[in-house]
Amino acid sequence: MDWQTSEDTVPSAPITEADARLLRGRPPTTGAWRDGDPVGDRRFASFGAFETESGRSLPSFRLAYETWGELSPSRDNAVLILHALTGDSHVRGDARPGHATAGWWDDIVGPGAAIDTDRWFVVAPNMLGGCQGSTGPSSIATDGYEWGARFPHLTIRDQVAAQARLADALGIDTWAAVVGGSMGGMHAIEWGVGHPERVERLAVLAAPPINTADQIALNSVQLEAIRIDPRFQGGDYYDAGDGDGPHRGLALARRMALLNYRSPTELNLRFSRTWQSDKSPLGHGGRFAVESYLDFHGNKFTRRFDANSYITLVEAMNSHDVGRDRGGVEDALSRVTARTLVLGIDSDRLFPVEGQHRIARGIHSTIDDGAVVIGSDFGHDGFLIETGVVGGHLRRLLDS
């Protein structure tokens, strides 16, 4: 549940007047990528009918994805990178038409980088239910209207099943590595448990073995913030004009989420009790700098995401329990045969390190004696920001 774009994953900083001016236009009804928009570096794979765990079906679906490097003749060098809640397939590359933001892991993926594209063929899909080219609530259904709230409920396992269809279409029987952080880490665990014969190496970064009651509770408040926005209209808002979509509810959900992605240490050090302007927040209409910071990133988020997709993906996260119908977490994790890196961040208050320790204890093929815990002031987003340290551990895994 992390920010997952490069400019959002730098250390927090006060918002300037120039920053604020960038967002003074009316926000779009949806920030989703739509057919007819510039394609950018996306590729698309289309598939037939798909039945979800809930029993509902999609008559067809599409996954958007990007690739880097070359697939070897023996097809044994493919690495799957799985993004987090609000991410997409644009792991690497500049911001340009079709890609509102630069790649979110540019320092990790590329020629000579930790995931070296001179050696590995890297595939990064936008998950099913997302809003950046893959089929999701903002996609057009067979009746000619957006799916909206009619879109089927998805689970993490549904999304991995869709990714397996993509691997089949690309002719990749076995991934040299599957790498995921946060929600992408949930997908990675499911790959290791559900498809052990198809994964040689596994990297689980800042992800839990289950979504706990505490995490579900935090998610429920965010989803309610979207649903009570009058402009949400039960999910049927796509015909509204700019500024008339559910941007206030979506921005508020984002503000709530951001509080879990960073640590108290970072926020206190960066902002302390400073004011946003010369006007006092103590009864004189001013604001604390941290309030403006949250507002800015909440409003910015509405320009690149879709409210219905946010609900769909958060509910998929809530489904995450690797031990469901598998005899419990430990029995499920014992199925993993891939050489595995489990990594946590000591200041992560969204998915605390106890979860990574439990994952590492349950997998018998880890490359370390337990989970690797890195020190960072950045909280959950440390796996995106501390690229030097994270990259070093990924190199160890890929060289193992």
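Criteria and thresholds
Residues numbered from 1 in each chain as written. Predicted model: local features only at pLDDT ≥ 70, side-chain atom pairs only at ≥ 80, totals over all residues. Heavy atoms only, no water. Helix = DSSP H or I, 4+ residues; strand = E, 2+ residues; numbered from the N terminus. Contact = heavy atoms within 4.5 Å. Polar contact = N/O pair within 3.5 Å; in protein donor to acceptor, adjacent residues only side chain to side chain. Pairing = 2+ DSSP bridges. Axes fitted to C-alpha atoms, helices over the stretch in contact; angles between N-to-C directions. Core = buried A, V, L, I, M, F, W, Y, C linked by side-chain atoms within 4.5 Å. Buried < 20%, exposed > 50% of the residue type's maximum accessible area, 1.4 Å probe, protein only. Expected span 1.5 Å × (residues − 1).

(A) Structural context of the environment of Glu53. Among the secondary structure elements, Glu53 is positioned in the loop between strand 2 (50–51) and strand 3 (57–58). Distance in space between the C-alpha atoms of Glu53 and Phe378 is 36 Å, their sequence separation being 325 residues. Apart from residues no more than four positions distant in its own chain, Glu53 is found in contact with Thr155, Arg157, Asp158 and Arg324. At a separation of 2.6 Å, a polar atom in the side chain of Glu53 contacts the side chain of Thr155.

(B) Geometry of the sheet that holds strand 12 (residues 372–374). The sheet built from eight strands is open, its strands ordered 1-4-8-5-9-10-11-12 with mixed pairing. Two strands bound the open sheet, and with one partner strand each, they are strand 1 (43–47) and strand 12. Averaged over neighbouring strand pairs, the angle between their axes works out to 20 degrees when direction is ignored. As judged from the four bridges shared by strand 9 (residues 177–181) and strand 10 (residues 201–205), these two strands associate in the parallel manner. By the bridge assignment for strand 10, Val178 is matched with Leu202. Together, strand 5 (78–82), strand 9 and strand 10 form the strand contacts of helix 3 (residues 183–194), whose direction differs from that of strand 9 by roughly 145 degrees. Of the strands in this sheet, strand 9, strand 10, strand 11 (339–345) and strand 12 are in contact with helix 12 (residues 387–399), which crosses strand 11 at around 170 degrees.

(C) Representation of the nonpolar core in the model. Counting residues in hydrophobic clusters, the biggest one holds 78 residues, and the most contacted among them are Val123, Trp175, Val178, Met183, Trp191 and Tyr310. Among the elements that take part in this core, helix 8 (residues 307–318) stands out by supplying seven residues, more than any other. Counting residues in hydrophobic clusters, the runner-up holds 29 residues, among them Val79, Ile81, Ala124 and Leu384.

(D) Structural detail: helix 2 (residues 156–169). A rise of 1.5 Å per residue sets the reference length of helix 2, with its 14 residues, at 20 Å; its end C-alpha atoms lie 20 Å apart and thus fit the reference within 8%. Helix 2 sits mainly inside the fold: 10 of its 14 residues count as buried. Residues of helix 2 that are buried: Ile156, Arg157, Asp158, Gln159, Val160, Ala162, Gln163, Ala164, Leu166 and Ala167. Positive phi appears at Gly171, one or two residues downstream of helix 2, with a value of about 75 degrees.

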